[in-house]
Amino acid sequence: MSIWEYANPVKFMKTSSLVLPWVTGLAAVCLVVGLYWGFFLTPEAENFKQSVKVIYVHVPSAMMAINIWVMMLVTSLIWLIRRHHVSALAAKAAAPIGLVMTFIALVTGAIWGQPMWGTWWEWDPRLTSFLILFLFYLGYIALWEAIDNPDTAADLTGVLCLVGSVFAILSRYAVNFWNQGLHQGATLSLDKEENISDVYWFPLLLCIAGFVLFFVALLLLRTRTEIRARRLKALEQRERMA
């Protein structure tokens, strides 16, 4: 058994139909429990007061914004090297989800930053690289829509993914690259001194798991839709040629 078997549209559709309900259910459980725990059962932070609770949306969405682009990069590379259509369609399906996650991260960051920094926006290295990542998502989606030939669109968006990956990396490590800037360091860290308190850490882990599972559910659903749309387009072209 090889992982490349799932690049076959028929195999992917069959497997995803079995997995999708379970992933959706787990995502719902993790999100409901994690968000309720985080927003209603955790205390105010000493320096942040109630605004600390934004982390239960901000941190998972920011992590997903970066990692979805990485996933798109991997699937685009698979397309460019092995020419598996499911991988190209998965990258296309992931882009709008990544765009929304990046937007949520920017908005919740502004909500959190205003009482902490006294401003809604600052040209901080991490904030700026996140804004550029948001624009890359927009450009990626627009490029798919602008090109009629799906193979050509997959090729060009794959190249765009390679270029945009620089800003995905900067979004994650900007604080480490540059000492200046208002944005704090990592909320989750292997270094116990930098990590947040356990009272916030455990519900945050649940929220992150929920966001990851929610993304997987949406990705499977949207990829299935893209496969069906591709099949329908192929059938329409055959009818025109007949």
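Residues numbered from 1 in each chain as written. Predicted model: local features only at pLDDT ≥ 70, side-chain atom pairs only at ≥ 80, totals over all residues. Heavy atoms only, no water.

Draft legend 1. Main features of unusual backbone geometry. In this structure, R83 is a non-glycine residue whose phi angle is positive, near 60°. R83 gets classed as partly exposed once you look at its relative accessible area, which sits at 37%. (Buried < 20%, exposed > 50% of the residue type's maximum accessible area, 1.4 Å probe, protein only.)

Draft legend 2. View of a nonpolar patch on the surface. Among the surface-exposed residues, V29, V33, Y36, W37, F39, F40, L41, F202 and L205 lie close enough to one another that they form a single nonpolar patch of about 870 Å² accessible area. Among the elements that line the nonpolar patch, the one with the most residues is helix α1 (residues 9-40), at six residues. Assignment of secondary structure puts W37 in helix α1. Judged by relative accessible area, which is 32%, W37 ranks as partly exposed. (Patch = residues over 30% accessible without salt bridge, like charges linked within 9 Å, V, L, I, M, F, W, Y side chains within 5 Å. Areas by Shrake-Rupley, 256 points an atom, 1.4 Å probe, with all protein chains shown as cover. Salt bridge = Lys/Arg side-chain N within 4 Å of Asp/Glu carboxyl O. Helix = DSSP H or I, 4+ residues; strand = E, 2+ residues; numbered from the N terminus.)

Draft legend 3. Expanded view of the confidence of the model for the chain. For the chain, per-residue confidence averages 85 on the pLDDT scale, and 85% of positions sit at 70 or higher. Mean pLDDT per element in the chain: helix α5 (residues 150-177) is the minimum at 80, and α1 is the maximum at 95. (pLDDT = per-residue confidence, 0-100.)

Draft legend 4. Representation of the state of the cysteines within the structure. Applying the stated criterion across every chain yields a total of zero disulfides. Not part of a disulfide, C207 finds its nearest cysteine sulfur in C30, a span of 9.1 Å. Owing to a relative accessible area of 0%, C207 belongs among the buried residues under this scheme. (Disulfide = S-S within 2.5 Å.)

Draft legend 5. How the structure looks around α1. Relative to the 46 Å expected for 32 residues at 1.5 Å per residue, α1 spans 44 Å between its end C-alpha atoms, a close match to the ideal helical length. At V19, α1 is deflected by roughly 35°, the largest bend along its length, and proline P21 occurs up to four residues later in sequence. All of the buried residues in α1 are F12, M13, S16, L20, V23, A27, C30, L31, G34 and G38. Residues of α1 that are buried sit in contact with α2 (55-82), α3 (85-117) and α6 (198-241). Where α1 starts, the residue carrying a side-chain oxygen 2.8 Å from the main-chain nitrogen of V10 turns out to be N8. (Expected span 1.5 Å × (residues − 1). Bend = angle between axes of the 7 residues up to and from the residue. Contact = heavy atoms within 4.5 Å. Polar contact = N/O pair within 3.5 Å; in protein donor to acceptor, adjacent residues only side chain to side chain.)

Draft legend 6. Local environment of the UniProt feature "transmembrane region" (unreviewed entry) in the chain. What UniProt calls "transmembrane region" (unreviewed entry) maps, in this numbering, to residues 18-39, 59-81, 93-115, 127-147, 159-179 and 199-221. Between the C-alpha atoms that bound residues 18-39 the distance is 33 Å, and the span itself is 100% helix and 0% strand. (UniProt positions renumbered as here; feature names shortened; annotations may be inferred.)

Draft legend 7. Examining the nonpolar core more closely. Within the largest apolar cluster, 37 residues are counted, with the highest numbers of intra-cluster contacts made by I68, W69, M72, Y140 and F215. Listed by contribution, the elements that provide at least two residues to this core are α2, α3, α4 (125-146), α5 and α6. Residue contributions to this core peak at eleven residues, all from α3. If sequence neighbours within four positions are ignored, I68 has contacts with A94, I97, G98, M101, Y137 and F215. Counting residues in each nonpolar core, the second largest holds ten residues, with V52, I55, V59 and W112 among its members. (Core = buried A, V, L, I, M, F, W, Y, C linked by side-chain atoms within 4.5 Å.)

Draft legend 8. How the structure looks around the packing of aromatic side chains. Scanning the model with the defined rule gives seven aromatic pairs in all. Aromatic side chains Y36 and F40 sit 5.1 Å apart centroid to centroid with 40° between the ring planes, which places their arrangement in the tilted category. Of this pair, Y36 and F40 both sit in helix α1, four residues apart, roughly one helical turn. With relative accessibility at 60%, the residue F40 sits in the exposed group. On the numbers, 6.1 Å between centres and 70° between planes, the contact of W69 with Y140 is edge-to-face. On the criterion of sequence distance, the pair formed by W69 in helix α2 and Y140 in helix α4 is long-range, its members being 71 residues apart. Neither residue differs from the other here; W69 and Y140 are each classed as buried. Joined through ring pairs, the aromatic side chains of W69, F136, Y137 and Y140 make up one cluster. Sitting over the ring of W79, R83 keeps its end group 4.1 Å from the ring centre. (Phe/Tyr/Trp six-rings, centres within 6.5 Å; stacked < 30°, edge-to-face > 60°. Lys NZ or Arg CZ within 6 Å of the ring centre and 35° of its normal.)

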